[in-house]
Amino acid sequence: MTVEETQVVAEVVIPQEEPKKDVEESKKDVQEDCQVKEVEDDDNSKPKTVQKSSSYKEESNFLSDLKEFEKKALNELKLKLEEAIVGNSLFKKEELKKREKESEEEKLVNMEETEKEKEAKEGEGGEKQVQEESEKNEEGDEKEKPIQECEEEKKTEVAVEENGVEIDKDISIWGIPLLPSNGADGTDVVLLKFLRAREFKVNDAFEMLKKTLQWRKESNIDSILDEDLGVDLSSAFYMNGIDRERHPVCYNVYGVFGNEELYTKAFGTEENRKQFLRWRFQLMEKGIRKLDLKPGGVTSLLQISDLKNSPSPSKKDLRIAMNQAVGLLQDNYPELVARNIFINVPFWYYALNALLSPFLTQRSKSKFVIARPAKVTETLLKYIPAEEIPAQYGGFKRENDFEFSTEDGVSELVIKAGSTETVEIPAAEVGATLIWDLTVLGWEVNYKEEFVPSDEGSYTIIISKGKKMSSSEGPVRNTFRNNELGKVVLTIENSSSKKKRVMYRYMTKKSASF
């Protein structure tokens, strides 16, 4: 894969003064940078709402919560990183040589231009004029020195080695400055991700970070969000909503690649596969933009992979692309996925899992959750609230929904085996429109909707006739406009031998005409 190299080098150069002292002072700053922060627990559970799963918890990024060996590893990594940045040894020697060569070439060009200017001046005005010009320039330089010094202090600090190569101290990743002595809030959070990915082995984590920075530079990842990749894969990969811990949720819908035309566009040639990979990296960078890489912030994504109707792993092009994607994402985006949930998993998935397993660390594999088609909604509800789960997966979230929002809570009802329960929606005002969402996990129940007037002399109105709801039924949304006072009654009859979970929400919209 041919990529262009970019260099992020600050424009201003400060005088070279005692580089060793600079490193020592930076070390001191890093060692003293250990402020303890506290996190407050916020348990605002509401009655009658779906409770969140307590089976998963991420590691804390607060220094006060780290174990002693973790703190020690973090400090050691910060010292190594500080030395590498200040000592200009973070990137490969080949790149440093290239930067030195570019610097020398730039000097030669400047010298040639200066010589040409001098020759032109000497030819036009003679030695006297050149002498006067020189004196004026010297006076001007003396006046400009204080101004230049002030401007240099305001601009980004950049050190210069004896050979004249600029040292970039503003190296960052995902918008977080990496120079530890800068004291940025997110630096520890980022470094902890690399340490955790390498089991707090400092040297391994440092090498991983170096390789990631090198890969990002060579692959132009910092500018990937501005790229128009030419192929639209938004039906296959997209961000949608948040989970119970407020992680942004990324969906990977592989079934769309059953379309031969889209499959060919994504995987048909080596160039197509390169574009597919860049699309996937672009989506990852978009997701990271939604994170808050600070202690106590949301620092990772939840990833859902829908394998329904997806091409089998026997397709070589898909297998090659997925192996590349898994390897590059794991190597260059450590600990940025809190959980990988695979849904609608077919039997062939286990063969694919065996193929991908060698490319995954044990820590990555421990985050996997597998859900067969019959358990999709139930599994997702452990991690995502019903109002954030798309309707096609059994939740209440719909595109361009003008009735409900994710701020509208969802209530839960449990129906025992062989029993019947009802949900009542009051119609306390004539002419109002009642709107409701309802779903039963696994359905296999009898369900009906009717309006029961308050006036005993009025007749009950059937909104939806009773019918047997199969296990494949999606959530129900319906509306009713009442012309008299009463209530909408939703009846669920569970004749099975297992208890059933019902989730529902409703609202009343007043009519302006009454």
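Residues numbered from 1 in each chain as written. Predicted model: local features only at pLDDT ≥ 70, side-chain atom pairs only at ≥ 80, totals over all residues. Heavy atoms only, no water.

### What about the overall build of the chain?
Selection rule: Under the DSSP-based scheme used, a helix requires at least four consecutive residues in state H or I and a strand at least two consecutive residues in state E, with every element numbered from the N terminus. Three labels apply to residues, based on accessible area from a 1.4 Å probe with only protein chains included: buried if under 20% of the type maximum, exposed if over 50%, partly exposed otherwise in between. Throughout, a residue-residue contact means that at least one pair of heavy atoms, one from each residue, lies within 4.5 Å.
Along the chain, the regular secondary structure elements total eleven helices and 17 strands. By residue count, 41% of the 514 residues in the chain fall in the buried class. In the chain, of all internal contacts separated by at least 6 residues, the share reaching a separation of at least 24 is 78%.

### Here's the deal with the side chain of Arg278
Using the following cut-off: Within 3.5 Å is the distance limit for a polar contact, defined as a pair of N or O atoms, with the added protein rule that one can donate a hydrogen and the other accept it, and that residues adjacent in sequence qualify only through two side-chain atoms.
Among the structural elements, Arg278 can be located in helix H7 (residues 270-289). Among the polar contacts listed, one links the side chain of Arg278 to the backbone oxygen of Ser219, at a separation of 3.0 Å.

### Some details on the packing of helix H2 (residues 68-86) against helix H4 (residues 187-197)
Which entries qualify depends on this criterion: For every element, the axis is a line fit to its C-alpha atoms; helices are fit only across the contacting stretch, and the angle between N-to-C directions ranges from 0 to 180 degrees. The scheme is simple: roughly parallel for angles under 35 degrees, roughly antiparallel for over 145, roughly perpendicular for 65 to 115, oblique for anything else. Following the grouping adopted for this structure description, the nonpolar residues are Ala, Val, Leu, Ile, Met, Phe, Trp, Tyr, Cys and Pro, the charged ones are Asp, Glu, Lys and Arg, and the polar ones are all others, Gly among them.
Across the interface, H2 lies against H4 with an axial gap of 10 Å and an inter-helix angle of 105°. When the axes of H2 and H4 are compared, the pair comes out roughly perpendicular. In this structure, H2 uses Ala73, Leu74, Leu77, Lys78 and Leu81 to contact H4, whose residues at the interface are Asp188, Leu191, Leu192 and Leu195. For the contact of H2 with H4, the class distribution of residues is seven nonpolar, no polar and two charged.

### Side note on the packing of helix H6 (residues 260-267) against H7
Each packed pair of helices is defined by two parameters, the angle between the axes and the distance between the axes. Where H6 meets H7, the axes come as close as 5 Å, and the angle between the chain directions of the two elements is 90°. Our classification of the angle between H6 and H7 gives roughly perpendicular. Residue-level inspection shows Thr264, Lys265, Ala266 and Phe267 of H6 in contact with H7, the latter providing Asn272, Arg273 and Phe276. Among the residues making up the contact of H6 with H7, the classes are represented as three nonpolar, two polar and two charged.

### A short note on the pattern of salt bridges
For side chains of opposite charge, pairing can occur when their charged atoms come near one another. Condition: We define a salt bridge as a contact between a side-chain nitrogen of Lys or Arg and a carboxyl oxygen of Asp or Glu at a distance within 4 Å.
Per the counting criterion, the structure on display carries 20 salt bridges. Close ionic contact of Glu388 with Lys397 constitutes a salt bridge, the shortest N to O distance being 3.0 Å.

### Some remarks on the packing of aromatic side chains
Threshold: Note on aromatic contacts: the rings of Phe and Tyr and the six-membered ring of Trp form a pair at centre separations within 6.5 Å, being stacked when their planes are under 30 degrees apart, edge-to-face when over 60 apart, and tilted otherwise. Consider the ring centre and the ring normal. A charge sits over the ring if Lys NZ or Arg CZ is within 6 Å of that centre and within 35 degrees of that normal.
A full pass over the atoms with the stated rule returns 16 aromatic pairs. With a centroid separation of 5.9 Å and an interplanar angle of 80°, the aromatic rings of Phe237 and Tyr254 are classed as edge-to-face. With Phe237 in strand S5 (residues 237-242) and Tyr254 in the loop between strand S6 (248-253) and H6, this pair connects stretches of sequence that are 17 residues apart. Neither Phe237 nor Tyr254 differs from the other in exposure class; each is buried. With a centroid separation of 5.1 Å and 65° between ring planes, the pair formed by Phe342 and Phe368 is classed as edge-to-face. Placement of the pair is Phe342 in strand S8 (residues 337-343) and Phe368 in strand S9 (residues 368-370), with a sequence separation of 26 residues. Residue class for Phe368 comes out partly exposed when judged on its relative accessible area of 21%. Taken together through their ring pairs, the aromatic side chains of Phe237, Tyr254, Phe257, Tyr263, Phe267 and Phe276 make up a single cluster. When the ring centre of Phe91 is taken as origin, the NZ or CZ atom of Lys217, which lies over that ring, is 4.9 Å away. We note Lys315 situated over the ring of Tyr263; from NZ or CZ to the ring centre the distance is 4.4 Å.

### Quick notes on the sheet that holds strand S15 (residues 476-481)
Here is the rule we go by: For two strands to count as paired, DSSP must find a minimum of two bridges between them.
Read across the open sheet, the four strands follow the order S10-S17-S12-S15; overall the sheet is antiparallel. What marks the edges here is a single partner per strand, and that holds for strand S10 (411-415) and S15. Pairs of neighbouring strands in the sheet enclose a mean axial angle of 25°, with direction left out of account. In this sheet, strand S17 (residues 500-509) lies alongside S10 in antiparallel orientation, the contact comprising five bridges.

### Section: unusual backbone geometry
Even without a glycine there, the phi angle at Glu199 is positive, about 55°. Residue position: Glu199 is located in the loop between H4 and helix H5 (202-218). We note that Asn344 has phi near 50°; this positive angle belongs to a residue other than glycine. With respect to the helices, strands and loops of the structure, Asn344 is situated in the loop between S8 and helix H9 (349-356).

### Some thoughts on the nonpolar core
Quick reminder of the rule: Here, nonpolar core refers to any group of buried Ala, Val, Leu, Ile, Met, Phe, Trp, Tyr and Cys residues whose side-chain atoms link them within 4.5 Å.
Ranked by internal contacts, the top residues of the largest apolar core, which has 67 residues, are Phe257 and Tyr333. Going through the elements one at a time, H2, H4, H5, H6, H7, helix H8 (316-332) and S8 are the ones with two or more residues in this core. Ignoring sequence-local partners within four residues, the contact set of Tyr333 consists of Trp174, Trp215, Arg216, Ile221, Phe281, Met284, Glu285, Ile288 and Leu328. Counting 22 residues, the second-largest nonpolar core is a separate cluster that includes Val253, Leu380, Ile384 and Tyr393.

### What about the environment of Ala427?
For Ala427, the position within the fold is in strand S11 (residues 420-427). The spatial distance from the C-alpha of Ala427 to the C-alpha of Ser454 is 9.3 Å, given a sequence separation of 27 residues.

### Considerations on H5
Worth spelling out the cut-off: Expected helix span is given by 1.5 Å per residue-to-residue step, counting one fewer step than there are residues.
The first and last C-alpha atoms of H5 sit 24 Å apart over 17 residues, in line with the 24 Å expected at 1.5 Å per residue. Residues Val202, Ala205, Phe206, Met208, Leu209, Thr212, Leu213, Gln214, Trp215, Arg216 and Lys217 constitute the buried set of H5. One or two residues past the end of H5 sits Asn220, with phi positive at roughly 55°.

### Overview of the pairing of S6
Within S6, six of the six residues are buried, which leaves the element mostly enclosed by the surrounding structure. Burial of S6 is two-sided: the residues Pro248, Cys250 and Asn252 facing one way and the residues Val249, Tyr251 and Val253 facing the other way are all buried. As defined by bridge partners, S5 adjoins S6 across four bridges and the pair is classed as antiparallel. The partner of Ile242 across the bridge, within S6, is Pro248.

### Considerations on the side chain of Glu450
Just so we agree on the cut-off: Positive: Lys, Arg. Negative: Asp, Glu. His and the chain ends are not part of the count.
Turning to its location among the elements, Glu450 is positioned in strand S13 (residues 445-453). The charged side chain of Glu450 is buried without a salt bridge, its nearest counter-charge being Lys448 at 4.2 Å. Sequence-distant contacts of Glu450, that is, excluding residues within four places in its chain, are made with Thr460, Ile461, Ile462, Ile463, Lys487, Val488 and Val489.

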